[in-house]
Structure formats: structure tokens, C-alpha cells
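A look at the structure
Next come the chains, spelled out residue by residue.
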Amino acid sequence: MTQLDCFPYGAGHGEEGVCLLVRMGPYRILLDCGLSDISALTDGSAVSNPPDRAPADVVLCSHAHSDHAQGLLSLHRAFPQLPIYASEVTTELLPLNWLDQPGLIPQFVHALPWRSPVEFQDGLTAELFPAGHLPGAAAILLTYTPHQGRSHSILYTGDFFLSNSRLVEGLRLEELRGLRPDVVIIEGSYGTARFPHRRQQENQIAERMSRVLSERRSVLLPLPMVGLGQELLMLLRSHHSFTGRDLDIWVDGRVASGCDAYLALLPHLPASVQNFAKHQSLFWDDRVRPRVRRLHPEQRPLVGESPCIVLTDFSTDWQEFCEDTPERWLILLPQHLEEGLIDIPPKYAIETYLLAQHCDGASTTQFIHNLRPQHVIFVHGDPNYLSDLAGLEELHNRYHLHSPASGNLVELPIGETFLQPAPPETTYEGELAELGTVVTITLPEAITNDPRWRSISDTGLIEARWQGQDLVLRGLSQRELMTQNTERSPSWMDSSEKACCFRCRHFRGQRCWNPRSPLFNFKVTPDGYCPAFEAAQSANTTWSEANEPTREDVDQAPG
Ligand SMILES: [Zn+2]
Ligand SMILES: [Zn+2]
């Protein structure tokens, strides 16, 4: 069996960056390096690697945010021969991470094209797909094909977003649907939370800022250098609450450098943005209202004398703007920003806002169900949010879920044949109307369009039964009507035939012994289920018999 595992140097919990070592057969691939301190990678202690040997054969960076990229420069300096790759746009944005480093830093990250597999080593390829979230952000598909046996693949989402934002198009699920990766490593930043529609989020922020300004106060927005700040600028320049308004929007520090970097990337931005930029400057404009201006350090003390909006980066001393006149400012922080990131004295008025850059819970599960891997590894986010996701029944019924902390190896046993979990049943919403003694149930067209509907509606008669609190409806066929009066016990009601591990012939010693099953060699619960279910010979097997290992088990036990 091909060796497959994932060792998180950084699982992206809370403020910690993301840095994952994936092993596929003989190869070691490092996904992202968002560590502020890379000593775990250089001293080799974590995976008993000799310190002079590079910690990986190749490094791939998903996108330019510092929680994924800040350790790359130190890693490159420690191992100059270690190849590092990213999408072309990411290679352009990455240098924003080393603005405070002295001297000229040559480009050391190599660009990879979109959607074309590149073979780094014999049998090892990587392919990048646009992931939404930030210009250049990539989902990375790693495939290892040994000389003998089937190939294995791992899809790492990086940070991803299915919806379109103003400056970056969302990840296109249809591009990934046929990939059938064995393993998906996915971010879970927002846990199982559900978000309002993006337009609604935008209106809420715009209205809040607009109200603050009309109270003659100013708004201060501490931000990361790229991504959210530029999205907000586009929003402010086009939202009806602001267009034509006599207002200064000041952009400070690295957020301004981030804007310049976006300008240099214009040909890579969505067509709508390129079109907008044909008629006016994308960011810098002090003629059109509201005016967007780059803030020079000497202007800092003057800002806020009349109500304005300031975008600045987390890392500069943003309190300088408001420490003398806190009553004249509202500080707006993005939701889900780790509290420890900014220590804020109580004299300041602070609120949070939501302009999502990552998927909410519903989109995350939708993503997983579309790919249907055997293993899902959750990284990136509050550990509580990640365990919320790992606790979702619709997920842990189908996939092996892992949410490792940094330093904990995740083994990824995969059988020689890939048995893809079944797609989940869709739930439809209908309507119930009671009129006197008649109850009418209205169902959506999607149900009646399903080929199975024909057998349900065959005779126009249904059978209804209570199952606990649920009412189960079933169509009656012509044949059943003819034998209606004879005694019958429909098999669909017979719980002794329920497909679960306890009734599977491969369930012994509380483990699954079916090499075709994704649960192979795992401890499973008697009521578990997998698509490789095979009914035991006798339905009357007793518990003790079921737990007795047999000759067959011994033969099949993995080495
Ligand atoms: Zn990010
Ligand atoms: Zn991130």
C-alpha cells in the first residue's frame, strides 16, 4: 500500500499559520509555510529529519496571505536549493510579505500555470485551480502515480471561497467535480456558521459606516495588506451610500502597497474590474467623490479633523489616528479576527463587521460532497469551529474526518481500489395544507422529475406509516394492490436488513476488515455505514460471534 500521510507543522488554529507536510509514497511535499518561526522545519526534530537535509522535496504555496506564506523567505534562506512554487499572481503578491526586510530580495518562488499538471518528480504532479478568496489563490491537486498500483491524489483547498467577490471570481466547483481525490485537506475558518447573502453583508457595512459619518465621527479599519481592504475600497467607490459623497478615504501603509500590487495585476483581475479601470483609476482618485487617497506619514496627525474613513494595516500603530480623540472614531474590525491579534484599550468604540472571504458551513459541506474523498482533514480556524464541522453527521457518516492539532501526524490509509462514498440524499422542502378532513402535500418539481417518481405515483395510492416522529410515505404498485389482502411485511420496514457495520460480514473485533472499504482497519461503531457494506451470511449472528476474529481476518490483516 502506498504511504500517505499529513504532518501539520502548523494546522492554522487561531493565530497560528498553516504549514503541512504531505507524504505520498517516497515524496515529501510542503503545503504552505505560514509559520513565523520555522525552527521546527530546520532542526528536523518533528519528523526525525537530519537538520542539513531539506524538510521537503518541493514546496507549494496556496496564496500570498501571511498566515500561509510568511515563513517562505526564511525557508528559502535555510535551503536555497529547495524549489518553491505558487500561481503566477501569488508570486507577484508574495513580496508584500517581506516589505520590512532590508535589501533587494530576488524572486525565489517559481510560477505555475493554472489547470495544467506539472510533474516535479517521477510520478509526482501538482495542478493548480483558482480558489477564489484572493487573486492568485490556488487549490492544489497532488497526484502520485507509482510504477505499480493505482495513483493517489490529495486536494488541498488553501483558503477558498465559492462566491464571487469584487476583485476575484469564486472557485468553480465544476472544475473539480471529476477529480475524485482520495483526500481533501480543507480550511474550516467559519465552521458551521451560515452567512447572509453577500449583497446584504455589503449593505450592512455601508449603512453602518454611513451612519457613523453622519454623526460626525470617523471610521478606522485595521486590515490585512491584501484582500479585504481592496474589496472594501471597491465597495465604497460603488455603493450608493457613498457615490458622489464629499468624503476622504485614506489608505495607509501596506494596504496602500497592496493596492499598488493589485494595479500591477490588472490583466489577471475579473473582466468587470478591468472594464471599470478603463474609465477611472481603480483605487487612487482624488477628483471623483468619494476621494480615495494614499496617506503619507506626515499627513497622519491631520486625518480625522473632519469625518473620514481610514484603511490601515494591522501591523502599523493604528492607535496613532485616534488615541487623542477616541470619541471621534469608530474602529471596525473584521469578524472572526482572532481577538489576540489586536490588544485594544477600553477607551475605543469597537464593532465588528462581516464581509466574508471564506466559505460558510453550508458551502464547505457542499464542497466536500461534490468531491467525495475518503479522508477529509480540517485545518485553519478556531479549533472549536473545526470540531463543529468534524461533528456534522452528514459528514462523519460518509468520510473519515480529521482535525489534527499541530505536531500530530494524520495517517491516511487508502485501499487499492477507490470506493467513492455515495452522494448524500438531497432534502426537499414541501408544503402541507389541511382543509377539513383533506390533507394536501405539495412537493417541488425536482421530486416529480426524478425517474423514481414513476414507481411512487404508479397507482396514485400511497401507504403511510409512522417511524418514530416521522411519517414515511411510499407509493403502492399495481402488483402490491393485487396482493393487498395477503399478509405482508415489506422489506423496507424490516430493520434486520438495515445496512450497517454490525450486519456486515467484514465487521469483527469492532474493526472493519474489508480492504475495499474506506473504513478498512479502522475501529468502527456497530451502527456505522460505508458503501462497501456486504450483508453477513446469517442475520442472526450474535454479538460474541461477530467479535471473534476468524481465519479470513488474519489473512486480510494489513501488514
Ligand atoms: Zn487567506
Ligand atoms: Zn488563511
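Parameters and conventions
Residues numbered from 1 in each chain as written. Chains lettered and ligands numbered in written order. Predicted model: local features only at pLDDT ≥ 70, side-chain atom pairs only at ≥ 80, totals over all residues. Heavy atoms only, no water. Helix = DSSP H or I, 4+ residues; strand = E, 2+ residues; numbered from the N terminus. Buried < 20%, exposed > 50% of the residue type's maximum accessible area, 1.4 Å probe, protein only. Contact = heavy atoms within 4.5 Å. Salt bridge = Lys/Arg side-chain N within 4 Å of Asp/Glu carboxyl O. Donors = N, O, S within 2.8 Å, 3.2 Å for Na, K, Ca; no water. Tetrahedral: all angles 85-135°; square planar, octahedral: opposite > 155°, others 65-115°. Polar contact = N/O pair within 3.5 Å; in protein donor to acceptor, adjacent residues only side chain to side chain. Phe/Tyr/Trp six-rings, centres within 6.5 Å; stacked < 30°, edge-to-face > 60°. Pairing = 2+ DSSP bridges. pLDDT = per-residue confidence, 0-100. Axes fitted to C-alpha atoms, helices over the stretch in contact; angles between N-to-C directions. Disulfide = S-S within 2.5 Å. Arc of directions from axis to C-beta.

**Details of the overall build of the chain**
Of regular secondary structure, the chain possesses 17 helices and 26 strands. Viewed in the frame of its principal axes, the chain has a C-alpha envelope of about 90 × 75 × 45 Å. Classification of the 559 residues of the chain by burial places 48% in the buried group. Pairs at least 24 apart in sequence give 68% of the contacts found in the chain among residues at least 6 apart.

**Overview of the pattern of salt bridges**
Summed over the entire model, instances satisfying the criterion amount to 25 salt bridges. In this structure, R291 and D246 form a salt bridge, with 2.8 Å as the shortest nitrogen-oxygen distance. Here D246 lies in the loop between α7 (228–238) and β13 (248–251) and R291 lies in strand β14 (residues 291–294), a separation of 45 residues in the sequence. Judged by relative accessible area, R291 falls into the buried class, the value being 15%. Looking at D246, the relative accessible area reads 51%, which means it is exposed. Across the pair R474 and E463 runs a salt bridge, and its minimum N-O distance is 3.1 Å. Separated by 11 residues along the polypeptide, R474 in strand β24 (residues 470–475) and E463 in strand β23 (residues 462–467) bring together distant segments of the chain. Per residue, the accessibility class of R474 equals that of E463, and both read buried. Salt bridges sharing common partners tie together R166, R198, R199, E202 and E231.

**As for the coordination of the zinc ion (ligand 2)**
Around the zinc ion (ligand 2), the protein contributes the donor atoms D67 (OD), H68 (NE2), D159 (OD) and H380 (NE2), at 2.1 to 2.2 Å from the metal centre. Taken together, the four donor atoms coordinating the zinc ion (ligand 2) span angles of 86 to 163° at the metal, a pattern that classifies the geometry as irregular. A distance of 3.4 Å spans the gap from the zinc ion (ligand 2) to the zinc ion (ligand 1), which D159 bridges by coordinating each metal.

**So, unusual backbone geometry**
Glycine aside, residues mostly have negative phi angles, and peptide bonds mostly take the trans form. Cis geometry is adopted by the peptide bond preceding P290, which originates at R289 and carries an omega value of -5°. Following the sequence through the fold, P290 ends up in the loop between α9 (271–279) and β14. Within the chain, H133 stands out as a residue other than glycine whose phi angle is a positive 75°. Residue position: H133 is located in the loop between β8 (124–130) and β9 (138–144). The backbone phi angle of R216 is positive, close to 65°, even though this residue is not glycine. The exposure class of R216 is exposed, given its relative accessible area of 58%.

**Regarding the side chain of R217**
With respect to the helices and strands, R217 occurs in the loop between α6 (198–214) and β12 (218–223). Given the relative accessible area of 18%, R217 is considered buried. At 3.1 Å, the side chain of R217 and the side chain of E215 are in polar contact. Each residue touching R217, except ones within four places of it in the same chain, is listed here: R208, V212, P307, E327, R328, W329, L330 and A349.

**Quick look at the coordination of the zinc ion (ligand 1)**
Ligation of the zinc ion (ligand 1) by protein atoms is provided by H63 (NE2), H65 (ND1), H133 (NE2) and D159 (OD), these donors lying 2.1 to 2.3 Å from the ion. In this structure, the zinc ion (ligand 1) is coordinated by four donor atoms arranged in irregular fashion, with angles at the metal of 90 to 165°. The sequence motif formed by the donor residues of the zinc ion (ligand 1) is H-x1-H-x67-H-x25-D.

**A closer look at the packing of aromatic side chains**
Here the structure, examined in full by the defined rule, presents nine aromatic pairs. Here Y262 and F283 contribute two aromatic rings whose centre-to-centre distance is 6.3 Å and whose plane-to-plane angle is 75°, an arrangement assigned as edge-to-face. One end of the pair, Y262, is in helix α8 (residues 253–264); the other, F283, is in the loop between α9 and β14, with 21 residues separating them in the sequence. Overall, the relative accessible area of 1% leaves Y262 in the buried class. Residue F283 is classed as buried on the basis of its relative accessible area of 1%.

**A look at the sheet that holds strand β4 (residues 58–60)**
Strand order in this open sheet of seven strands is β6-β5-β4-β3-β2-β1-β20, and the pairing throughout is mixed. Each end of this open sheet is capped by a strand with a single partner; those strands are β6 (110–112) and β20 (410–411). Here seven bridges tie strand β1 (residues 4–11) to strand β2 (residues 18–24), and the two strands are oriented antiparallel to one another. Among the inter-strand pairings, P8 is bridged to a residue of β2, identified as L20.

**What about the confidence of the model for the chain?**
When pLDDT is averaged across the chain, the result is 87; 92% of the residues are at 70 or more. Here residues 539–559 is modelled with pLDDT under 50, and outside its nearest four sequence neighbours on either side it reaches 28 contacts, counting other chains as well.

**Considerations on the sheet that holds β13**
What links the strands of a sheet is backbone hydrogen bonding, and the strands pair in either a parallel or an antiparallel sense. Across the sheet, six strands lie side by side as β14-β13-β15-β12-β16-β17; this open sheet has parallel pairing. Of all strands in the sheet, those bounded by a partner on one side alone are β14 and β17 (350–353). Between one strand axis and the next, the sheet turns through 25° on average, direction left out of account. Across four bridges, the pairing between β13 and β14 is parallel. For D248, the partnering residue across the bridge sits in β14 and is R291.

**Quick word on the state of the cysteines**
Scanning the entire structure with this criterion turns up zero disulfides. Left without a disulfide partner, C61 is nearest to the cysteine sulfur of C33, which lies 8.8 Å away. Of the residues examined, C61 reaches a relative accessible area of 1% and is grouped as buried. Lacking any disulfide linkage, C259 is separated from the closest cysteine sulfur, that of C308, by 16 Å.

**Quick word on helix α11 (residues 383–390)**
The α-helix advances 3.6 residues per turn, and as a result positions three or four apart in sequence lie on the same side. Looking at α11, one finds that the buried residues are L386, L389 and A390. For α11, the angular spread of the buried residues around the axis is 100°, confining them to a single face. In this structure, the buried residues of α11 make contact with α10 (361–371), β18 (375–379), α12 (393–396) and β19 (400–402). The opening residue of α11 is D382, an N-cap whose side-chain oxygen sits 2.7 Å from the backbone nitrogen of N384.

**Describing the pairing of strand β22 (residues 438–442)**
Bridge count for strand β21 (residues 431–435) against β22 is five bridges, and the pairing is antiparallel. Bridge pairing in β22 links E431 to T442. Between β21 and β22, which pair antiparallel one after the other, the connecting turn spans two residues, and G436 there sits at a positive phi close to 60°.

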